[in-house]
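Listed below, chain by chain, are the residues.
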Amino acid sequence: MRTLVHISDIHFGRVIPSVAEALLAALEADAPDLVVISGDLTQRARRGQYRMARDFLNRIQFPKIVVPGNHDVPLYNVARRFLRPLTRYRRYITRDMAPFYQDDEIAVLGINTARSLTFTNGRISENQIELIRERFCPIPDNIFKILVTHHPFLPPPENLKLPLVRRAGKILRMVEACNLDLLLAGHFHMSYAGGSHSAYRTLARSVLVIQAGTAASSRMRTEGNAYNLIHIHNARVTLRVRMWDGERFDDHRTRHYTYNTDGGWDYPTLLAPGATPSDGKRSLEN
Ligand SMILES: [Fe+2]
Ligand SMILES: [Fe+2]
């Protein structure tokens, strides 16, 4: 069995210090095999915010996979945004823009989806799609394969029209071809999960998608601070959404997912009540 902690959208510059401290303590107690941090480490990519993010990451003594988010690219400093968008991320966080972890049960690849031009929406380049193929296709399917991005592949059930990572369809074909099992992302500050086939037409095999809320930021949308605790064992995933209750992080909801050899990782459809199966589904050509 492997245990992952998935945290996202910490947004140093807008962090609630007591929640960040409690998050570190919770993480220590969870004793994960790997910590995944899916971007938006800072609020405005400022030097001081990056220093706080670096100090926070240095206190996590477990293996880590970290990717940047759109807030880790400067917004207002146009020269820096276009000429050196992730210089500070490389200096303070990591120079590795495609971090990879593998042991005898899981393989995890992080991909940078943050871009200067599409500040809010992310994208993945052709080279990155090729990297996903190179990393995952040779790995046997008994290894559980996980891709980490900041930008999501699946919309939240409350708003199926929210923009997703660009080229999501093309990437999902690769994800399907190389038998990936799980996509982890953040960005919307909402915790939800689903099967990719619930939102896309023509996907034969469903990959599990798990989205994290904001772990310690006051920059919230519709829910409180939360992170995901994920247990992976054989063909079964247990997701525990751990939510801040004002004093500590506690189990908010627990879901189990099992692998179905017919169609992959299954989960009830995200469609609104009364909608037909093709309503609201996206083409793979986006
Ligand atoms: Fe964010
Ligand atoms: Fe974001």
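Anyway, here's the lowdown on the structure attached to this text. Small disclaimer: the values here were computed from a predicted structure and weren't measured.

Rules and cut-offs
- Residues numbered from 1 in each chain as written.
- Chains lettered and ligands numbered in written order.
- Predicted model: local features only at pLDDT ≥ 70, side-chain atom pairs only at ≥ 80, totals over all residues.
- Pairing = 2+ DSSP bridges.
- Helix = DSSP H or I, 4+ residues; strand = E, 2+ residues; numbered from the N terminus.
- Axes fitted to C-alpha atoms, helices over the stretch in contact; angles between N-to-C directions.
- Expected span 1.5 Å × (residues − 1).
- Buried ≥ 20, exposed ≤ 12 C-beta atoms within 10 Å, placed from the backbone.
- Arc of directions from axis to C-beta.
- Contact = placed C-beta atoms within 7 Å.
- Parallel < 35°, antiparallel > 145°, perpendicular 65-115°, else oblique.
- Left-handed = near helix turned anticlockwise from the far one by under 90°.
- Core = buried A, V, L, I, M, F, W, Y, C linked by C-beta atoms within 7 Å.

1. Observations regarding the sheet that holds strand S8 (residues 192–195)
Read from one edge to the other, the open sheet built from six strands follows the order S4-S5-S6-S7-S9-S8, with strand pairing classed as mixed. Each having just a single partner strand, strand S4 (100–102) and S8 make up the two edges of the open sheet. Along the sheet, successive strands turn relative to each other by an average axial angle of 15°, direction set aside. With five bridges joining them, strand S5 (residues 106–110) and strand S6 (residues 144–148) adopt parallel strand pairing. When the sheet's bridge partners are listed, Leu 109 is paired in S6 with Leu 147.

2. Things to note about helix H2 (residues 47–58)
Here H2 spans 16 Å end to end across twelve residues, near enough to the 16 Å set by a 1.5 Å rise per residue. Taken as a whole, H2 has its buried residues at Gln 49, Tyr 50, Met 52 and Ala 53. Along H2, the residues classed as buried sweep out an arc of 160° about the axis, all on the same side. Residues Arg 47, Gly 48, Asp 55 and Asn 58 are exposed on H2 and point more than 90 degrees away from its buried face. Against the buried residues of H2 lie helix H4 (87–92).

3. Some remarks on the packing of helix H5 (residues 126–136) against helix H6 (residues 168–177)
Think of two packed helices as two axes; the pair is described by the angle between the axes and how far apart they sit. Between H5 and H6, the least distance of the axes is 10 Å, while the angle of their chain directions is 10°. Taken together, the axes of H5 and H6 lie roughly parallel to each other. For the pair H5 and H6, the crossing hand works out as right-handed. Judged by residue contacts, Ile 129, Ile 132 and Arg 133 of H5 engage Lys 170, Ile 171 and Met 174 from H6.

4. Considerations on the nonpolar core
Within the largest apolar cluster, 73 residues are counted, with the highest numbers of intra-cluster contacts made by Ile 7, Leu 147, Val 148, Phe 153 and Leu 208. Among residues more than four places away in sequence, those in contact with Leu 147 are Leu 109, Ile 111, Ile 132, Val 175, Leu 180 and Leu 183.

5. Section: the environment of Val 237
For Val 237, the location among the structural elements is in strand S11 (residues 236–244). Using a count of 22 C-beta atoms within 10 Å as the deciding quantity, one classes Val 237 as buried. Between the alpha carbons of Val 237 and Arg 2 there is a distance of 9.8 Å; along the sequence they are 235 residues apart. Excluding anything up to four places from it in sequence, Val 237 contacts Leu 208, Ile 230, Ile 232 and Tyr 257.

6. Thoughts on H6
For H6, the set of buried residues is Ala 168, Ile 171, Leu 172, Met 174 and Val 175. Taken end-on, H6 shows its buried residues confined to a sector of 155°, consistent with a single buried face. Contacts from the buried residues of H6 go to H5 and S6. Positive phi shows up at Asn 179, right after H6, with a value of about 55°.

7. A closer look at the sheet that holds strand S13 (residues 264–265)
Strand order in the open sheet formed by seven strands is S3-S2-S1-S10-S11-S12-S13, and the pairing between neighbours is mixed. Only two strands of the sheet have a single neighbouring strand rather than two, namely strand S3 (64–67) and S13. With four bridges joining them, strand S1 (residues 2–7) and strand S2 (residues 34–38) adopt parallel strand pairing. Looking at the pairing, Leu 4 lines up with Leu 34 of S2. Helix H1 (residues 17–30) contacts S1, S2, strand S10 (226–233), S11 and strand S12 (249–260) of the sheet and is inclined by roughly 170° relative to S1.

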